[in-house]
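What follows is each chain in one-letter form.
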Amino acid sequence: MMKFKNISCVKTNVCTGCSYCCSICPCNAISMVYSKEGFLVPYIDSSKCIGCGKCLNNCPPYNKRDTSNTDIIDEYLGYSKSPDDILKSSSGAVAFAISCEFIKKTSGCVIGVSYVSNNLGYAEYTVANKIQELEQFRGSKYIQANKNNIYSFVRNESKKRKILIIGLPCEIAAFRKSIVKEYINNVYFCDLVCFGPTSSKITHDFLELIRTNVGGEGDAVVNMRYKVKNERPYLYCRFENGKTFCKPLYKTDYGLIFNLIGRENCAECKYINLNSEADISIGDCIDTSSTYSIYSQMGLSRIIIRTKNGEEMVNEFGKSLILVRTEGETERFYKNRKGRENSDRRNNFFKSYVSKGYKKAVKETFGIIRKHKNYILSDVRYFIDNITQTSRR
């Protein structure tokens with residue numbers, strides 16, 4: 001039997017799940033499915049594949065052609081002028097503020113990630129044409145989003161109007177490939193400083209367990225980083241029947257296993273350093289040099305300008321932001337930055353999860369004593385961080 005050269009050649013420690021291969025297959029032979037660990041991976045229907053190699057030749061992580069850059073045109077710390085927007089967003093509401101101005105001034109659309117209705121723990125890329133529709137993009141999802149037909153939408157729509165795309169660095173690389181070169185300046189790319197997506201299946205199992213424990217019914221509003229003044233982020237979940245769950249994220253099982261449930265390839269992520277294919281990068285700013293006086297109790301963002309389009313995004317669409325220009329802050333941040341690790345604990349956790357399910361995997365990995373020890377250590381670290389930040393202000 002002839003073995004075709006296709007995306008199946010890409011190993012799991014290389015594949016980012018960006019789904020670009022699925023969007024360009026001329027025979028619709030590729031579909032995205034969830035692996036046993038709960039991550040998007042390509043599945044090839046061998047009865048349809050003609051072995052043209054288009055999927056493999058265009059795979060962003062597989063090919064060595066690197067179009068990313070490490071240039072920094074400018075850098076800022078900042079947050080929205082609207083306290084309400086900051087409260088509803090993950091950090092300083094910078095992405096939300098820029099998105100609002102973008103729609104107002106260009107009549108274009110914004111592409112971002114929202115939760116899938118009636119399917120807890122899963123997310124998808126979708127389009128916002130109106131400011132009201134941007135609400136669905138608020139907050140960190142921590143999971144990788146399904147692309148559906150978003151690449152073909154961007155390819156066609158970029159010929160007609162301006163588009164702002166907000167996503168993970170590896171996905172921005174795929175979005176950039178999907179656009180016809182002559183229309184590339186119609187598209188603004190914003191990547192989010194990323195620690196790597198977590199398993200959608202595990203997130204789903206955890207949220208379904210919450211539903212059972214609180215007696216929730218119907219769909220739910222989920223906020224992985226619900227803000228409470230002077231507190232660490234909470235995990236908040238409200239179901240259609242009014243039942244709610246609200247607890248500090250780090251004191252939930254999900255917070256406990258967070259560092260273990262990342263995608264395998266994230267351990268070798270090329271974007272963990274200054275590399276990026278975006279016009280602008282936005283991320284949390286938890287610690288800053290004492291040189292900078294800017295501070296927002298409810299959230300502060302790091303903003304890295306990489307291209308002229310990135311400059312335009314801040315100058316034209318950042319009017320509702322409070323910004324302070326920094327120098328060397330970005331290099332300091334990336335120098336100390338570490339990604340996920342494919343440790344034995346991670347592999348053992350997933351092995352247990354696949355064979356025994358979510359609850360037993362958590363119990364076997366941590367147990368009662370170890371779980372509470374982690375909570376205490378986390379409390380101590382948070383206390384020290386608070387003292388450090390207070391002394392800087």
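What counts as what
Residues numbered from 1 in each chain as written. Predicted model: local features only at pLDDT ≥ 70, side-chain atom pairs only at ≥ 80, totals over all residues. Heavy atoms only, no water. Helix = DSSP H or I, 4+ residues; strand = E, 2+ residues; numbered from the N terminus. Buried < 20%, exposed > 50% of the residue type's maximum accessible area, 1.4 Å probe, protein only. Contact = heavy atoms within 4.5 Å. Areas by Shrake-Rupley, 256 points an atom, 1.4 Å probe, with all protein chains shown as cover. Phe/Tyr/Trp six-rings, centres within 6.5 Å; stacked < 30°, edge-to-face > 60°. Pairing = 2+ DSSP bridges. Axes fitted to C-alpha atoms, helices over the stretch in contact; angles between N-to-C directions. Salt bridge = Lys/Arg side-chain N within 4 Å of Asp/Glu carboxyl O. Expected span 1.5 Å × (residues − 1). Polar contact = N/O pair within 3.5 Å; in protein donor to acceptor, adjacent residues only side chain to side chain. Core = buried A, V, L, I, M, F, W, Y, C linked by side-chain atoms within 4.5 Å.

Caption draft 1: View of the overall build of the protein. Regarding its fold elements, the protein presents 13 helices and 14 strands. For the protein, buried positions account for 50% of its 393 residues. For the protein, long-range pairs separated by at least 24 residues make up 71% of all intrachain contacts whose partners lie at least 6 apart in sequence. Within the structure as shown, the protein displays about 19,300 Å² of accessible surface, and the carbon and sulfur contribution to it stands at 50%.

Caption draft 2: Seen up close, the packing of aromatic side chains. Applying the stated criterion across every chain yields a total of 16 aromatic pairs. Their ring planes at 75° and their centres at 5.1 Å tell us that Tyr34 and Tyr122 sit as a pair that is edge-to-face. Residue Tyr34 is located in strand S1 (residues 30–34), and its partner Tyr122 is located in the loop between strand S4 (109–115) and strand S5 (123–128); the two are separated by 88 residues in the primary sequence. According to the relative accessible area criterion, Tyr34 is partly exposed, its value standing at 24%.

Caption draft 3: Spotlight on the sheet that holds strand S11 (residues 244–248). As summarised here, the arrangement of the 3 strands in space is S9-S10-S11, forming an open sheet in which the pairing is antiparallel. At either margin of the open sheet sits one strand with a lone partner, and together these are strand S9 (220–226) and S11. In this sheet, adjacent strand axes meet at a mean angle of 5° when their direction is disregarded. Both strand S10 (residues 234–239) and S11 contribute to a ladder of 5 bridges, which runs antiparallel.

Caption draft 4: View of the pattern of salt bridges. Under the criterion given, the structure shown has 16 salt bridges. Notably, a salt bridge pairs Asp85 with Arg138, separated by 2.8 Å at the nearest N-O pair. With Asp85 in helix H3 (residues 83–88) and Arg138 in the loop between S5 and strand S6 (145–146), the pair connects residues that are 53 residues apart, well separated along the chain. Of the two residues examined, Asp85 and Arg138, each falls in the buried class. Among the salt bridges present, the one from Asp284 reaches Arg225, with a minimum N-O distance of 2.5 Å. Within this pair, whereas Asp284 is found in strand S12 (residues 280–284), its partner Arg225 is found in strand S9, the two being separated by 59 residues in sequence. Through salt bridges with shared partners, one network takes in Asp85, Glu135 and Arg138.

Caption draft 5: Quick look at helix H7 (residues 200–214). Here H7 spans 21 Å end to end across 15 residues, near enough to the 21 Å set by a 1.5 Å rise per residue. Inspection of H7 places Ser200, Ile202, Thr203, His204, Phe206, Leu207, Ile210 and Arg211 among the buried residues, and these make up the whole buried set. Between the side-chain oxygen of the N-cap and the backbone nitrogen of Lys201 there are 3.4 Å, and the N-cap of H7 in question is Ser199. One or two steps after H7, the chain reaches Gly215, where phi turns positive at roughly 75°.

Caption draft 6: Seen up close, the sheet that holds strand S8 (residues 187–192). Strand order in the open sheet formed by 9 strands is S6-S5-S4-S7-S8-S12-S13-S3-S14, and the pairing between neighbours is mixed. Each of the sheet's edge strands pairs with one partner strand only, and the pair in question is S6 and strand S14 (321–325). Examined bridge by bridge, S8 and S12 share 3 bridges and lie parallel to one another. If you follow Leu192 over to S12, its bridge partner there is Ile282. Across the sheet, helix H5 (residues 150–157) touches S4, S5 and strand S7 (163–167), and the angle it forms with S4 is around 170°.

Caption draft 7: The arrangement of the nonpolar core in detail. By size, the foremost hydrophobic cluster in this structure holds 50 residues, and its most contacted members are Ile165, Tyr254 and Phe349. With 4 residues, the top contributor of residues to this core is H7. Once you skip the residues sitting within four places of it in the chain, Tyr254 turns out to touch Tyr142, Ile143, Thr198, Thr203, Phe206, Met224, Leu235, Leu249, Ile261 and Tyr358. Ranked by size, the runner-up nonpolar core spans 24 residues in total, among them Leu164, Tyr188, Ile280 and Phe317.

Caption draft 8: Structural context of the environment of Gln132. Tracing the backbone shows Gln132 in the loop between S5 and S6. Along the sequence, Gln132 and Cys100 sit 32 residues apart, while their C-alpha atoms lie 9.0 Å from each other.

Caption draft 9: Structural detail: the side chain of Thr16. By the element assignment, Thr16 lies in the segment before helix H1 (20–24). Thr16 gets classed as buried once you look at its relative accessible area, which sits at 9%. If sequence neighbours within four positions are ignored, Thr16 has contacts with Pro61, Gln144, Cys170, Arg263 and Asn265.

Caption draft 10: Structural context of the pairing of S9. Of all 7 residues in S9, 5 are buried, a share of seventy percent or more. As defined by bridge partners, S9 adjoins S10 across 5 bridges and the pair is classed as antiparallel. Residue Tyr226 lies in a different strand from S10, and its bridge partner there is Tyr234.

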